[in-house]
Amino acid sequence: MTPRAASGIPPGSEEEVMNLFSDIRALVVDTLGQMAAEGALPAGLDLSAVAVEPPRDPAHGDMATNAAMVLAKPAGQPPRAIAEALAARLAADPRLTAAEVAGPGFLNLRLDPAEWQRVVRAALAAGPEFGRSHIGAGQKVNVEFVSANPTGPMHVGHTRGAVFGDALANLLDFAGFAVTREYYINDGGAQVDVLARSAYERYREANGLEPEIREGLYPGDYLIPVGEALKQTYGTALLDKPESEWLVTVRNFATHRMMQMIREDLALLNVTMDVYSSEKALYGTGRIEAALDRLREMGLIYEGVLEPPKGKTPEDWEPREQTLFRSTAHGDDVDRPVKKSDGSWTYFAPDIAYHYDKVERGFDMLIDVFGADHGGYVKRMKAAVAALSGGRVPLDIKLIQLVKLWKNGEPFKMSKRAGTFVTLRDVVEQAGADVTRFVMLTRKNDAALDFDFDRVLEQSKDNPVFYVQYAHARVCSVLRRAAEQGIAADDATLAAADLSRNGHESEIALAKKIAEWPRLVEIAARSNEPHRVAFYLYELASDLHSLWNRGNEDTSLRFLQEDVAVSQAKIALARAVAVVISAGLGILGVTPAEEMR
RNA sequence: GCCCCCGUAGCUCAGGGGAUAGAGCGACCGCCUCCUAAGCGGUAGGUCACAGGUUCGAAUCCUGUCGGGGGCACCA
């Protein structure tokens, strides 16, 4: 991606993607600075808490700032006095029509309607780039997500993690970060040996022998083709040999096939990784040792014996001297072993090396997307990254809660044995990638999500995907109608229209909602919360539907009018909504529909 | 026993320390000769689990209690 700053577009120009809220905040901060320079306020005040936000109650104006209340104590002046002095100066700005002190010291601002019209024009000019932010400043971010064990097909839980990670990556890209999407292949542990043994039985089966799918092996049918493929490649050469002679061969073969399958599953969801990193590739290269040496130099590795966990002592617990990472030095509850008693690495050791590798690759920020059942590893992982990066690289770990499936009005119980195991492929084939992605983003990542097969296939406002796409389709419909009537409605023409004709409160409300988009992108990106985009789009769609229906009662509010110039102004507003919906859906990875069928 | 997440309308959930806490569903009352009614408007519904604390101001931050979920050395 290209950092916007390099585009050479001067800030403040119409082409510059505008964020009215940050513009006005800059005005407030500058004005406060002037007041300080003139002695009306003390010098050196911390202005970081000064906010400019849309007020909850529209009667309070278009924007409100808390500046006076935040600064009252440090400035040693009553809030209303500061607010009044600030208001007097702000009134000189042509963008503002009013600045009123209210309540305990709020300063309510009203904007010249021309400002909303500027936003609409900016949206039309910027198109899909409208709302793109520079807050990332080109910083390198690594988003690690999915990272499912390469032992089988992806299931619904992985699906939510995949959608979340991909949408988050899109969001951060849109906010000006240089994003790398990465998958960590857990191909170094015991579970891939189990995979190899399971595949070997299918290989025997392919050669006409009775497979022995013992307890603890993977029984899934998906390994049958792997067995067939092994037969095609190796014929009977691996039969009747001790495990030691075929294990590595079959393991490599099977994990490769599983990763192929996982890539195909991800492709169904339109998820593409930039980098696949292999756990196994860390072994035997000295990189695990190097990472631990680094920690050792800091005195964070030692040989020791852990206390048994209080309250619930495991039955087979025995004191053991182990190589331990002093994760407690960076906020963990206990120190964590990096070596098993037989001298081999715990899973945590390669994880440390992997995260060290990410730090060494120069990322400014790391994000791990884990299933909620991995919540216990958050502190130790953060401790490792904090130590290995000298506190330079923040690690944010997003935990993805469960997906509860519903079908025919009741919970759909998943069971591997009963064959009711729902895979990513099952979900996408039934619901489609667009619906799956959107619905998976209609909850905060750390809240459980209900995925109701009946609901998501419904073509009504109960289905939020449909609701948002319908709004986009309605705008497209208007544009088609305009073309039929010979009204010029390309974006350049619309941007030149006299938007001051859109003076109805419902139209202004819509323009204000559009103006919130760049601000929302920044809020969502700062908190790594792509679901905010989905909720915003729902609200924007709602405002469009609302205006549309007002047009049923009041024909002067329809987008298409007798007067071409009036039509163009109104179409411009509608088109700006479509632009934002399109950009937002793009972040979510959902296709904007041009018509509903 | 310890750690993490959650607790907001009957249900499912939004809500960056700001003003009178919102949406959808469900319930009730309305709106199509008219750009897609696949939609919209309205009414009703709240001790933001509880108790303290910080703050000019707390659903939001801190501590504790209760309730639900997840996790707790040689499994990933």
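None of the values given here were measured: they were computed from a predicted structure. (Residues numbered from 1 in each chain as written. Chains lettered and ligands numbered in written order. Predicted model: local features only at pLDDT ≥ 70, side-chain atom pairs only at ≥ 80, totals over all residues.)

(A) Region of the structure containing the overall build of chain A. Of regular secondary structure, chain A possesses 19 helices and 15 strands. Viewed in the frame of its principal axes, chain A has a C-alpha envelope of about 85 × 60 × 45 Å. Every one of the 597 residues in chain A was classed for burial, and the buried ones make up 41%. (Helix = DSSP H or I, 4+ residues; strand = E, 2+ residues; numbered from the N terminus. Buried ≥ 20, exposed ≤ 12 C-beta atoms within 10 Å, placed from the backbone.)

(B) Main features of the pairing of strand β11 (residues 365-371). By the bridge criterion, four bridges tie strand β5 (residues 140-144) to β11 in an arrangement that is parallel. Pairing of Glu144 across the sheet is with Asp368, part of β11. With helix α11 (residues 378-388) bridging β11 and the parallel strand β12 (residues 395-400), this β-α-β connection has right-handed handedness. (Pairing = 2+ DSSP bridges. Right-handed = clockwise from strand over helix to strand, strands pointing away.)

(C) Up close: helix α2 (residues 67-75). Among the residues of α2, Ala67, Ala68, Val70 and Leu71 are the ones counted as buried. What you see down the axis of α2 is that its buried residues fit within an arc of 160°, all on one side. Among the residues trailing α2, Gly76 stands out with phi positive, at a value near 70°. (Arc of directions from axis to C-beta.)

(D) Here's a closer look at the protein's contact with RNA strand B. Around RNA strand B sit 77 residues in total, of which Gly311, Lys340, Gly376, Lys461 and Gly551 are the nearest. At the level of elements, α2, β4 (106-111), α6 (190-206), α15 (464-484), α17 (505-526) and α18 (531-553) are the ones that each hand at least two residues to the surface near RNA strand B. Split by residue class, the surface near RNA strand B holds 27 nonpolar, 24 polar and 26 charged. (Near = placed C-beta within 6 Å. Nonpolar A, V, L, I, M, F, W, Y, C, P; charged D, E, K, R; others polar.)

(E) Unusual backbone geometry, seen in detail. Non-glycine residue Ala137 carries a positive phi angle of around 50°. Note on placement: Ala137 falls in the loop between α4 (113-126) and β5. Residue class for Ala137 comes out partly exposed when judged on the 14 C-beta atoms lying within 10 Å of it. Positive phi values are uncommon outside glycine, yet Asn270 reaches one of about 60°. Tracing the backbone shows Asn270 in the loop between α8 (243-268) and β7 (275-278). When the 16 C-beta atoms within 10 Å are taken as the criterion, Asn270 is described as partly exposed.

(F) Local environment of the nonpolar core. If you look at the biggest cluster of nonpolar residues, it comprises 163 residues, and the most contacted ones within it are Val120, Ala123, Ile514, Val577 and Val580. Sorting elements by how many residues they give to this core places helix α19 (residues 564-588) first, with 15 residues. Once residues lying within four places of it in the same chain are set aside, the contact partners of Ile514 are Val119, Val120, Ala123, Ala576, Val577 and Val580. (Core = buried A, V, L, I, M, F, W, Y, C linked by C-beta atoms within 7 Å. Contact = placed C-beta atoms within 7 Å.)

(G) Examining the packing of helix α9 (residues 287-297) against helix α10 (residues 348-360) more closely. For the pair α9 and α10, interaxial distance at closest approach is 8 Å and the crossing angle is 80°. Viewed along their axes, α9 and α10 adopt a mutual orientation that is roughly perpendicular. For the pair α9 and α10, the contacting residues are Arg287, Ile288, Ala291, Leu292 and Arg294 in the first and Ala349, Pro350, Ile352, Ala353, Tyr356 and Asp357 in the second. (Axes fitted to C-alpha atoms, helices over the stretch in contact; angles between N-to-C directions. Parallel < 35°, antiparallel > 145°, perpendicular 65-115°, else oblique.)

(H) The sheet that holds strand β8 (residues 301-305), seen in detail. If you walk across this open sheet you meet the three strands as β8-β9-β10, and the pairing is antiparallel. Both edges of this open sheet fall to β8 and β10 (336-337), since each of them pairs with a single strand only. Looking at chain direction, strand β9 (residues 321-325) and β10 are connected through two bridges and run antiparallel. Bridged to Phe325 within β10 is Arg336.

(I) Focus on the sheet that holds β7. Spatially, β7-β6-β5-β11-β12 is the arrangement adopted by the five strands of the open sheet, whose pairing is parallel. Each of the sheet's edge strands pairs with one partner strand only, and the pair in question is β7 and β12. In this sheet, adjacent strand axes meet at a mean angle of 25° when their direction is disregarded. Relative to β12, β11 runs parallel, the two sharing six bridges. Of the residues in β12, the one forming a bridge with Leu366 is Leu395.

(J) How the structure looks around helix α12 (residues 424-431). Buried residues of α12: Leu424, Val427 and Ala431, and no others. Projection of α12 onto a plane perpendicular to its axis shows the buried side chains occupying an angular sector of 70°, all on one side. On its buried face, α12 is in contact with α5 (156-174), α8, α13 (433-440) and α14 (453-456). Positive backbone phi, at 90°, marks Gly432, one or two positions downstream of α12.

(K) Spatial organisation of the confidence of the model for chain A. Across chain A, the average pLDDT comes to 92, with 96% of residues at or above 70. Our summary of model confidence lists the complex with pTM equal to 0.95 and ipTM equal to 0.96. (pLDDT = per-residue confidence, 0-100.)

(L) Layout of the environment of Asn445. In this structure, Asn445 sits in the loop between α13 and β15 (449-452). Each C-alpha atom, one on Asn445 and one on Thr555, is 43 Å from the other, the two residues being 110 residues apart in sequence. Look past the residues within four positions of Asn445 in its chain and what remains in contact with it is Phe164, Lys398, Leu399, Ile400 and Gln401.

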